[in-house]
Amino acid sequence: MHARNVINDLRELAKLTSNADGAQRLAWGPVWRQARQWFNGKLAELGITPELDAAGNSWATRRGDSDRTVIIGSHLDSVPNGGWLDGALGMMAGLEALRMFKDQRPPVTLKVVDWADEEGARFSRSLLGSSAASGSLEVSEVEHLADKTGVRLVDALKENGVELSRMHESQKHLKAINAKAYLELHIEQGPVLEAANKSAGIVIGTFGVERHLLRFVGQAAHSGSTPIPMRKDAFLAAAESTLAFREIARKHTTPQSRVVCTVGTVKVEPGIVTAVPGVCEISLDQRALDAGVLAQMLADARAASWRIAADNNVSVEWQRIWKIEPRPFDPALIKLCAEAVQEVTGDAPRLPSGPLHDAAEMVPHMPVVMMFTYSSNGLSHCKEEDTPEEHLEKAIDAFLLLVRKVSYST
Ligand SMILES: [Zn+2]
């Protein structure tokens, strides 16, 4: 029954806020505001009026016997041409959790938060509302941002009653909550649960990321006249390093811990079919849940690139583009989450999250856990995004069971 309500709400929202290309709930725009208004109508049926914090995050509260608070978070915003589940699933599950306690006062206070602009699809800054509330947002980092049409972030915010310079005040709002736990249900957006045919999985944390640009420099030379042993081919050094990076990721992958690495860009100079490449620049994105493993992967990759550069008579320089620490989730909540998933689905697969989520921003402030559900073909951020209903129902049931378990746990 509960799962049915959630799916019906999801279909209703999709109908209201999608066109033939998919969901159009771009943060700070009219369709997103319409989605929030629709959601507020559902809350009104429960006698709940949500409040906005200084960052535009919307908080719905059901007071319980204690002010200890279980927060259920997600986001109503979508990417342009998005799917019907990313973000919306977590919000509708939160709404159903509030319904679950409509006629029965919960032992703890329940809050459902709709984080503003999780996707960052319009202004290129993901997790905007949750990072403001958690204190990790620097105004200087976003004040210059504008969308494709030239509208500035600061003006789009103002249109929605949010002052960029005061977004940090949402921290006070978050700190005032006596938080017992933060829970988030989300689609996996990857192929792991589908491959194992599992409806739901326990997320043990979000990956840390080390992202670098590597510049290999050799010597451009004529492809006809330069003998192979005398070349300084920067591309070959980059290519050999790329294969070595894959081996490093394989070496650090264990049954308990999957790590990944990706060389996503390659730029060769001079880029002429008759010239030995003198310069080759590649990106390397390494991810792992364990900070020590991530550091070792990086050290291994550096060492491999230096060795391979020397073998190829070229030099290599590393430049860091971005880094974020791994955010492991709370062991006690992981255990409760595993119990809930086990009871409903008969199994309790654990997996890390490659993508970041608002939940990661809450890790420094309170115990956090996420639950993932099966994603068809691993697709997300597109209209094909889907979860078969029989899997979706089980995941929703497991999540609501988790909410009850956490609410009644001491
Ligand atoms: Zn999402």
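Refer to the structure presented above.
None of the values given here were measured: they were computed from a predicted structure.

1. Points about the pattern of salt bridges
Under the definition given, this model contains 26 salt bridges. Across the pair Arg4 and Glu389 runs a salt bridge, and its minimum N-O distance is 3.0 Å. Linking Arg4 in helix H1 (residues 2-17) with Glu389 in helix H13 (residues 389-408), this pair joins segments that are 385 residues apart in sequence. Look at Arg4 and you get partly exposed, because its relative accessible area is 32%. The partner of Arg320 in a salt bridge is Glu210, with the nearest N and O atoms 3.0 Å apart. Placement of Arg320 in strand E15 (residues 315-324) and of Glu210 in strand E9 (residues 208-217) is noted, with a sequence separation of 110 residues between them. Its relative accessible area of 3% is what places Glu210 among the buried residues. A single network of salt bridges, built from pairs that share partners, joins Asp9, Glu12, Lys42, Glu96 and Arg99.

2. Some details on a nonpolar patch on the surface
Together, Phe235, Leu236, Val266 and Val268 give the surface a local cluster of nonpolar side chains, amounting to about 320 Å² of exposed area. For Val268, the location among the structural elements is in strand E12 (residues 266-269).

3. Quick look at the packing of H1 against helix H2 (residues 30-44)
Contact geometry of H1 with H2 gives a least axis separation of 10 Å together with a crossing angle of 145°. Crossing of H1 over H2 shows right-handed handedness. Facing Asp9, Glu12, Leu13, Leu16 and Thr17 of H1, the residues of H2 in contact are Val31, Gln34, Ala35, Trp38 and Lys42. Looking at the contact of H1 with H2 residue by residue, the classes come out as five nonpolar, two polar and three charged.

4. A word on the nonpolar core
Formed by 79 residues in total, the largest nonpolar core has its most connected members in Met92, Leu183 and Leu402. Counting residues per element, this core draws most heavily on H13, at 10 residues. In this structure Leu402 touches Leu183, Leu336, Cys337, Ala340, Val369 and Met371, once residues within four positions along its chain are discounted.

5. Considering the coordination of the zinc ion
Around the zinc ion, the donor atoms from the protein are His75 (NE2), Asp86 (OD) and His186 (NE2), and they sit 2.0 to 2.2 Å away. In primary-sequence terms, the residues that donate to the zinc ion follow H-x10-D-x99-H. Of this pair, His75 sits in the loop between strand E5 (69-74) and helix H3 (88-100) while Asp86 sits in the loop between E5 and H3, and the two are 11 residues apart along the sequence. Residue His75 is classed as buried on the basis of its relative accessible area, which comes to 0%.

6. Let's talk about the pairing of strand E6 (residues 109-114)
Consecutive side chains along a regular strand alternate between the two faces of the sheet. Most of E6 is tucked away, with six of its six residues classed as buried. Here E6 shows no split at all, with Thr109, Lys111 and Val113 on one side and Leu110, Val112 and Asp114 on the other all buried. Pairing analysis gives five bridges linking strand E4 (residues 58-62) to E6, with the strands arranged antiparallel. The residue of E6 that forms the bridge with Ala60 is Val112. As judged from the six bridges shared by E5 and E6, these two strands associate in the parallel manner. Within the sheet, the bridge partner assigned to Val70 lies in E6 and is Leu110.

7. Quick look at the side chain of Asp53
Of note, Asp53 is situated in the loop between strand E3 (51-52) and E4. Buried and without a salt bridge, Asp53 has Arg36 as its closest oppositely charged side chain, separated by 7.5 Å. Excluding anything up to four places from it in sequence, Asp53 contacts Trp59, Ser170 and His173.

8. As for the packing of helix H11 (residues 331-345) against H13
When two helices pack together, their arrangement is given by the angle between the helix axes and the distance between those axes. Two numbers describe how H11 lies on H13: the axes approach to 8 Å, and their chain directions differ by 135°. The angle between H11 and H13 places the two elements in the oblique class. Note that H11 runs across H13; the crossing there is right-handed. Here Leu333, Leu336, Cys337, Glu339, Ala340, Val341, Glu343, Val344 and Thr345 of H11 lie close against H13, whose contacting residues are Lys394, Asp397, Ala398, Leu401, Leu402, Lys405 and Val406. Across the contact of H11 with H13, the residue classes tally to 10 nonpolar, one polar and five charged.

Conventions we followed
- Residues numbered from 1 in each chain as written.
- Predicted model: local features only at pLDDT ≥ 70, side-chain atom pairs only at ≥ 80, totals over all residues.
- Heavy atoms only, no water.
- Salt bridge = Lys/Arg side-chain N within 4 Å of Asp/Glu carboxyl O.
- Helix = DSSP H or I, 4+ residues; strand = E, 2+ residues; numbered from the N terminus.
- Buried < 20%, exposed > 50% of the residue type's maximum accessible area, 1.4 Å probe, protein only.
- Patch = residues over 30% accessible without salt bridge, like charges linked within 9 Å, V, L, I, M, F, W, Y side chains within 5 Å.
- Areas by Shrake-Rupley, 256 points an atom, 1.4 Å probe, with all protein chains shown as cover.
- Axes fitted to C-alpha atoms, helices over the stretch in contact; angles between N-to-C directions.
- Left-handed = near helix turned anticlockwise from the far one by under 90°.
- Contact = heavy atoms within 4.5 Å.
- Nonpolar A, V, L, I, M, F, W, Y, C, P; charged D, E, K, R; others polar.
- Core = buried A, V, L, I, M, F, W, Y, C linked by side-chain atoms within 4.5 Å.
- Donors = N, O, S within 2.8 Å, 3.2 Å for Na, K, Ca; no water.
- Pairing = 2+ DSSP bridges.
- Lys, Arg positive; Asp, Glu negative; His and termini not counted.
- Parallel < 35°, antiparallel > 145°, perpendicular 65-115°, else oblique.

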